[in-house]
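# Analysis of the macromolecular model
Listed below, chain by chain, are the residues.
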Amino acid sequence: MDTSRSQALFLRAQKHIPGGVNSPVRAFGSVGGTPRFIQKAQGVSVTDADGNSYTDYIGSWGPMLLGHNHPVIREAVIRAAQDGLSFGAATGRECQMAEKLCALVPSVEMVRLVNSGTEAVMSALRAARGYTGRDKIIKFAGCYHGHCDAMLVQAGSGLMTAGIPSSAGITQGCAQDTLTAPYNDLNAVRQIWEQNPGQIAAVILEPVAANMGVVPPKPGFLAGLRELCTQHGALLIFDEVITGFRLGLGGAQEYYGVKPDLTCFGKVIGAGMPVGAYGGRREVMEQIAPLGPVYQAGTLSGNPIAVAAGLAQLDILERDPSLYLTLEQRGRQLREGLRALLQTYSTPGAVQGEGSLSCLFFHPAPVSDYETAKQSDTARYARYFHYLLEHGIYLAPSQFEAIFLSAAHTPEHIDELLSRTEEFFRTL
Ligand SMILES: *Cc1c(COP(=O)(O)O)cnc(C)c1O
């Protein structure tokens, strides 16, 4: 496979862009090799600068639920662009988007549009602090909530330790208000609560963790958090930036039947354009400026082109909810196929997922938290990744990401992925 153009572009990019990329995972840091510079994408396929095509299982990290470059979404963007790129003023389309989000997502009564998932999370945390008048936030190790300061924090060795930043440039003050518990561990959350009485503003989590591989919530975990938050007057925030409109029209909250107070969105709601949103209970959202004292703003928020793209994608999903059944079937085909292969070849591994989110952990036992996920054989994953890439299949360049399916993936695509996986297992 000729990758000389990608190699040349990567060298050139590194001169003026840190690491040659505008978001770290793109640099292939954890699998090595040359990141492919992508020229174009269509349906399930992405094509790199050297003209190599791959069946894509990243889907731009989630937005491409209907496959790349869907004609209806592309048309909506072109039509919107003919009327101008940005007005910095309210538009009718934003009403449609807000009405749709409130109608489809069980807990959302009011919503504010922003430009990314990070912004959605940052703003939801501010709203929760403004509403409760408390400072501290509980998050879970291995959950990713974007790159805002308060969320780039891990607990130290014990739960009693104040948070230690997992990035340079984050102040102690910021870190100490973020408390971290292991995912799926209700007792740890109870313990944190006992140690910080009356100080917890909110608990935030990915209702299905999809940034440490894919780790579904154990039965009772989400409901237990709901109960704790209600009991202590704190807000439960679901970060549905990945699960929103992917697990179903009502997201993970509908899928599991647990209602958060606030929800963060991104990815699918922008269909590949920069859109995020946060919303929830009316009395909390009424704290947001200009109605209330919690300030949050954005020059390009509700951008007409981005909202047109998102609306077009949500329209398609709403008109044809059978798409979710299809996604579920494809996901099951993939997971059952991978499990069968692990067994046939006695390869240690755990296959996990929900709906169109799946993950093959090179770890001998099921993974329910970050500590366990981290023990996966990442060197083996790197070899698996490169074997597939060489054979025209593009998985995420990290063990700790999801395999994202889209409605454009057919049973034949999944079979192809399975048979290449089988070939790889034979090399072990
Ligand atoms: C991607 C992601 C974010 C951040 O969204 P950006 O648009 O990259 O800022 C936040 N939360 C979760 C769960 C995500 O997967």
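Structure shown above.
Residues numbered from 1 in each chain as written. Predicted model: local features only at pLDDT ≥ 70, side-chain atom pairs only at ≥ 80, totals over all residues. Heavy atoms only, no water.

### A look at the environment of Ile316
Note the following rule: Helix and strand definitions here come from DSSP, where helices need a minimum of 4 consecutive H or I residues and strands a minimum of 2 consecutive E residues; each element is numbered from the N-terminal end. Burial classes: relative accessible area under 20% of the type maximum marks a residue as buried, over 50% as exposed, and values in between as partly exposed (1.4 Å probe, protein chains only). In this description, contact between two residues means that some pair of their heavy atoms is separated by no more than 4.5 Å.
On the secondary structure map, Ile316 appears in helix α10 (residues 304-319). The class for Ile316 is buried, based on a relative accessible area of 17%. Sequence separation between Ile316 and Val72 is 244 residues, and the spatial gap between their C-alpha atoms is 8.7 Å. With residues up to four places along the chain from it excluded, the contact list for Ile316 reads Leu66, His70, Val72, Ile73 and Leu323.

### What about the pattern of salt bridges?
Counted only if it meets this: Here, a salt bridge means any Lys or Arg side-chain nitrogen found within 4 Å of an Asp or Glu carboxyl oxygen.
Applying the stated criterion to the full structure yields 11 salt bridges. Counted as one network, the salt bridges with shared partners bring together Arg226, Asp261, Arg281 and Glu283.

### Concerning the side chain of Thr118
Residue position: Thr118 is located in helix α4 (residues 117-132). Excluding residues within four positions of it along the chain, Thr118 makes contact with His145, Gly146, His147 and Cys148.

### Some words on the sheet that holds strand β1 (residues 38-42)
The following threshold applies: Here the rule is simple: two strands pair whenever DSSP picks up at least two bridges between them.
If you trace the four strands from one edge of the open sheet to the other, you get β1-β2-β3-β15, paired in mixed fashion. The two strands at the open ends of the sheet, each matched to only one other strand, are β1 and β15 (393-394). Pairing of strand β2 (residues 45-48) with strand β3 (residues 53-56) involves three bridges; the strand directions are antiparallel. Note that in β3 the partner of Val46 across the bridge is Tyr54.

### A closer look at the side chain of Thr372
The test is simple: What qualifies as a polar contact is a pair of N or O atoms within 3.5 Å, subject to a donor-acceptor requirement within protein and to the restriction that residues adjacent in sequence count only when both atoms come from side chains.
Of note, Thr372 is situated in helix α12 (residues 370-373). Among the residues examined, Thr372 registers a relative accessible area of 18% and is labelled buried. For Thr372, the side chain forms a polar contact with the side chain of Asp369, separated by 2.5 Å. Those residues in contact with Thr372 that sit more than four places away from it in its chain are His363, Pro366 and Val367.

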